[in-house]
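Close look at the chain arrangement
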Amino acid sequence: MSLLKIRNLSVTFTTSSGPFRAVDKVDVDVRPGEILAIVGESGSGKSVSMLATMGLLPWTATVTADEMSFDGRDLRAMSGKARRRLIGNDLAMIFQEPMSSLNPCFTVGFQIREALRKHTSLDAKARHARCIELFEMVGIPAPERRLKAFPHQLSGGMNQRVMIAMAIACRPRLLIADEPTTALDVTIQAQILDLLTGLQAETGMGLILITHDMGVVAETAERVAVQYAGQKVEDQPVDALFDTPHHPYTAALLAALPERATERHLPTIPGVVPGQHDRPAGCLFSPRCKFADDTCRTIEPPVQPPELGLALCHYPLHAPQEAKA
Amino acid sequence: MLKFFLSRLGTFIPTFLGVTLISFAFIRVLPGDPIIVMAGERGLSQERYEALRSQYGFDQPLYVQFWEYFTGVLQGDLGTSFVTNRPVWDEFFSLFPATLELSICAIIIAIALGLPAGVIAAVYRGKFFDRALMSTALIGYSMPIFWWALLLIIVFSGNLGWTPVSGRMGLLYFFDDVTGFMLIDSLLSGQEGAFGSAVHHLILPSIVLATIPLAVIARQTRSAMLEVLSEDYIRTARAKGLSPGRVNGLHALRNAMIPVITVIGLSVGTLLAGAILTETIFSWPGIGKWMVDSIFRRDYPVVQGGLLMIAVMVMFVNLIVDLLYGLINPKIRKR
Ligand SMILES: Nc1ncnc2c1ncn2[C@@H]1O[C@H](COP(=O)(O)OP(=O)(O)O)[C@@H](O)[C@H]1O
Ligand SMILES: [Mg+2]
């Protein structure tokens, strides 16, 4: 059974220039203990779909879904209070900017103990002991002293470790990591990723790793969902995806990987992700797709069967001959 | 922290010099001769006039007068009132508690109402409460104080008869000054009803004096909160499953307090200025009324000494505000 199961999730923002659909009919499935990577260029609705799952979107957002359940419990029918008992506890999330994601007015220790006080029945002494244990788990040296530090006294990498410690404090069943390494130095990035996958293996929690880096995906994920302009365009196990991408967008992302480049210059995908005002008719990727024809430009693509990676495409790549006809 | 304190003290000294000069110059720029005013309608012979002029030192050049005043100030001597012949210092401290009591009540009202109002308005931005509050604040901010005071007096003292029109205490009660604060002294006196009378006298002037700071604090709290509420760490706090009360009231408000503390500090200056008008309207025997009376009497030492003392008070409050910044947000202390 899925730990997280989402069907047909759409998020629409009310903006001063009219409604804007940031997430469009997305399905998400995560099994217990699975590592799912969500990839896509920036602006493709990765953060918004996960914030919708957490219930953290601002009031300007309208969230609709046919199904949205965590561990069999319907997130849509849940009261605000019940939802707050769940998030930070069984369902946790960390964010892209560690430096601004911690409150500058409180020590990091306070901010972790706060989560423990909310969701556990530990007393003050036990909470402190748990904090020390967490800091050791995430590899923060001299935990006693660091707990008393304010976020501005720590580096970005350290703050991200604090964020991770805070997120796993109450032993979540699913951790959503939204580009946890994007804001960090390259050398630190690998450490944080190792830490996350290590913790995942150790605790058996599910992990959703949002990233725009295919290299990261190859190293960490078990399954990959590719998102483009608010839509999920492909969903495959990681090896299959790297071997036989079915959506031209996935293929283009893979071609842009340095180790796959055949020419001296990296191939790039021309154009940008469509925003609020330049959404094309038909397939949203068609203006940037080298295979697109008039069908693509006028008719919305169907979802292909699982053998074809659930690709949202009229002409999926690497398809057996007869399927193409 | 000590370094921080000393650097602030360093800016204190030039400000203090400037204020001494301005307070000295202010009353002398006004037309009118203090000796003529003192003599009143009886008039004065030329010889007597000259004698008084040299007695008070007005025949000396201005810079000599200033030097005398300034050296006096440095020794803690603000001069002697022309009218009462009491040292300005003593007069100030016998009247200051009345002003302080009024100002403290006003700022407590302003903070106690303005802060939560601003927070709620920010949390429910664009909703009815927010709109209603912000237009009320605008009215409060732009309303002429004397008009507002008279309106309250007419309604609550005149029509309803709930509150007295002037003074600090009913005539029925009499007791010694202990602290100079009516609320405390009336309790200490043990006289039944005295405390109630003190409260009754205090209500209207406090409300009048609180009006502008209240509006300013509410507006500033709202805008600071709006800014903070979109910060990443607020999202983190919510992601922990904390209640909205804790997210808004602790995580957001703590960060929003920096600009709010600033306007509270600035309000103290406004408060003392507002006290001049409010005390005059309500015949409140504090330094505001004392200053106004002294200006009309051309009581030079009182006006210059009083202004200087008020300025020092304001500078002192600002110093405290600066120190508070560092306590609220440790990041600021680092600079
Ligand atoms: N609060 C918001 N109001 C309006 N538009 C938003 C808001 N948050 C995100 N968006 C828009 O939604 C789209 C998807 O954003 P996001 O999920 O952050 O992309 P990413 O895949 O890079 O995480 C973007 O075009 C962004 O501008
Ligand atoms: Mg994002």
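Keep in mind it's a predicted model, so treat the numbers as computed, not measured.

A few words on the overall build of chain B. Across its full length, chain B holds 14 helices and 0 strands. When the helices and strands of chain B are listed from N to C terminus, the series reads α-α-α-α-α-α-α-α-α-α-α-α-α-α. Dimensions of chain B, computed from the C-alpha atoms along their principal axes, are close to 85 × 55 × 40 Å. Per-residue burial for chain B yields a buried fraction of 45% across its 335 residues. Pairs at least 24 residues apart make up 73% of the contacts formed inside chain B by residues separated by at least 6 positions. Split by element, the accessible area of chain B, about 17200 Å² in all, is 67% carbon and sulfur. For chain B, the distance from the average site of its 25 positive side-chain charges to the average site of its 22 negative ones is 19 Å.

Think of interface size as the accessible area that goes away when the parts come together; that is how it is often given. If you look at the interface, chain A gives 29 residues, while chain B gives 22 residues. Both faces combined, the contact of chain A with chain B buries some 2300 Å², and carbon together with sulfur accounts for 58% of it. Seen at the junction of chain A and chain B, the total is 2 salt bridges. A salt bridge links K240 of chain B to E114 of chain A; the nearest nitrogen and oxygen atoms lie 2.8 Å apart. Breaking the side of chain A that touches chain B down by element, the ones donating at least two residues are helix 1 (46-54), helix 3 (98-101), helix 4 (108-119) and helix 7 (156-168) of chain A. Here the side of chain A that touches chain B is composed, by residue class, of 16 nonpolar, 8 polar and 5 charged.

All names here are of chain A. Here helix 8 (residues 186-203) spans 26 Å end to end across 18 residues, near enough to the 26 Å set by a 1.5 Å rise per residue. For helix 8, the full list of buried residues reads Q189, I192, L193, L195, L196, L199 and Q200. All buried residues of helix 8 lie within an arc of 155° about the axis, which places them on one face of the element. The exposed set on the far side of helix 8, more than 90 degrees from its buried face, consists of T187, D194, A201 and E202. Phi turns positive one or two residues past the end of helix 8, at G204, with a value near 70°.

All right, on to the site of ligand 1 then. All names here are of chain A. The immediate surroundings of ligand 1 are formed by F13, F20, A22, E41, S42, G43, S44, G45, K46, S47, V48 and P58. G43 is positioned such that a nitrogen or oxygen atom in its backbone is 2.7 Å from an oxygen atom of ligand 1. In this structure, K46 approaches ligand 1 through a main-chain N or O atom, which is 2.9 Å from an oxygen atom. Every element with two or more residues in the shell around ligand 1 is listed here: strand 2 (18-30) and helix 1. A total of 3 residues in the shell around ligand 1 trace back to one element, the largest contributor, which is helix 1. When its residues are assigned to classes, the shell around ligand 1 shows 5 nonpolar, 5 polar and 2 charged.

This brings us to the UniProt feature "transmembrane region" (unreviewed entry) in chain B. All names here are of chain B. The UniProt feature table records "transmembrane region" (unreviewed entry) at residues 12-30, 100-124, 145-165, 198-218, 256-282 and 302-328. Between the end C-alpha atoms of residues 12-30 there is a gap of 28 Å, over a span that is 95% helix and 0% strand. In this annotation, residues 198-218 is assigned 100% helix and 0% strand; the end-to-end C-alpha distance for the span is 28 Å.

Further remarks concern the packing of helix 8 (residues 182-189) of chain B against helix 9 (residues 194-229) of chain B. Residue and element names in this part refer to chain B. At their nearest, the axes of helix 8 and helix 9 sit 8 Å apart, and the two run at 165° to each other. Classified by the angle between their axes, helix 8 and helix 9 sit roughly antiparallel to one another. Regarding helix 8 and helix 9, the two cross each other, and that crossing is right-handed. Facing helix 8, whose interface residues are M182, L183, S186, L187 and S189, helix 9 presents A194, F195, A198, V199 and L202. Tallied by class, the residues present in the contact of helix 8 with helix 9 amount to 8 nonpolar, 2 polar and no charged.

What follows deals with the nonpolar core. If you look at the biggest cluster of nonpolar residues, it comprises 77 residues, and the most contacted ones within it are L4, V11, I112, L175, L196 and I208 of chain A. With 8 residues, the single largest contributor to this core is helix 7 of chain A. Setting aside anything within four residues of it in sequence, one finds L4 of chain A in contact with V28, D29, V30, T53, S69, F70, L75, L174 and I208 of chain A. Core analysis: the second largest hydrophobic core is formed by 37 residues, I217, A252, V321 and Y325 of chain B among them.

Taking the UniProt record as the reference, the feature "domain: ABC transporter" (unreviewed entry) is found at residues 6-254 of chain A. Between the C-alpha atoms that bound residues 6-254 of chain A the distance is 27 Å, and the span itself is 41% helix and 27% strand.

Residue and element names in this part refer to chain B. The grouping of F146, W147, L150, L151, I154, V155, L160, W162 and L277 at the surface amounts to a nonpolar patch, some 870 Å² of accessible area in total. Top contributing element to the nonpolar patch by residue count: helix 7 (residues 145-159), with 6 residues. Checked against the element boundaries, L150 lands in helix 7.

This part takes up the packing of aromatic side chains. Here the structure, examined in full by the defined rule, presents 17 aromatic pairs over all chains. Taken together, the ring pairs in this structure connect F24, F66, W67, Y69 and F70 of chain B into an aromatic cluster. Against the face of F24 of chain B rests R28 of chain B, its NZ or CZ located 3.8 Å from the ring centre. Sitting over the face of the ring of F95 of chain A, R235 of chain B holds its NZ or CZ atom 4.0 Å from the ring centroid.

Rules used in this analysis
Residues numbered from 1 in each chain as written. Chains lettered and ligands numbered in written order. Predicted model: local features only at pLDDT ≥ 70, side-chain atom pairs only at ≥ 80, totals over all residues. Heavy atoms only, no water. Helix = DSSP H or I, 4+ residues; strand = E, 2+ residues; numbered from the N terminus. Buried < 20%, exposed > 50% of the residue type's maximum accessible area, 1.4 Å probe, protein only. Contact = heavy atoms within 4.5 Å. Areas by Shrake-Rupley, 256 points an atom, 1.4 Å probe, with all protein chains shown as cover. Lys, Arg positive; Asp, Glu negative; His and termini not counted. Charge placed at Lys NZ, Arg CZ, Asp CG, Glu CD. Buried area = accessible area lost by both parts, 1.4 Å probe. Salt bridge = Lys/Arg side-chain N within 4 Å of Asp/Glu carboxyl O. Nonpolar A, V, L, I, M, F, W, Y, C, P; charged D, E, K, R; others polar. Expected span 1.5 Å × (residues − 1). Arc of directions from axis to C-beta. Near = heavy atom within 4 Å. Polar contact = N/O pair within 3.5 Å; in protein donor to acceptor, adjacent residues only side chain to side chain. UniProt positions renumbered as here; feature names shortened; annotations may be inferred. Axes fitted to C-alpha atoms, helices over the stretch in contact; angles between N-to-C directions. Parallel < 35°, antiparallel > 145°, perpendicular 65-115°, else oblique. Left-handed = near helix turned anticlockwise from the far one by under 90°. Core = buried A, V, L, I, M, F, W, Y, C linked by side-chain atoms within 4.5 Å. Patch = residues over 30% accessible without salt bridge, like charges linked within 9 Å, V, L, I, M, F, W, Y side chains within 5 Å. Phe/Tyr/Trp six-rings, centres within 6.5 Å; stacked < 30°, edge-to-face > 60°. Lys NZ or Arg CZ within 6 Å of the ring centre and 35° of its normal.

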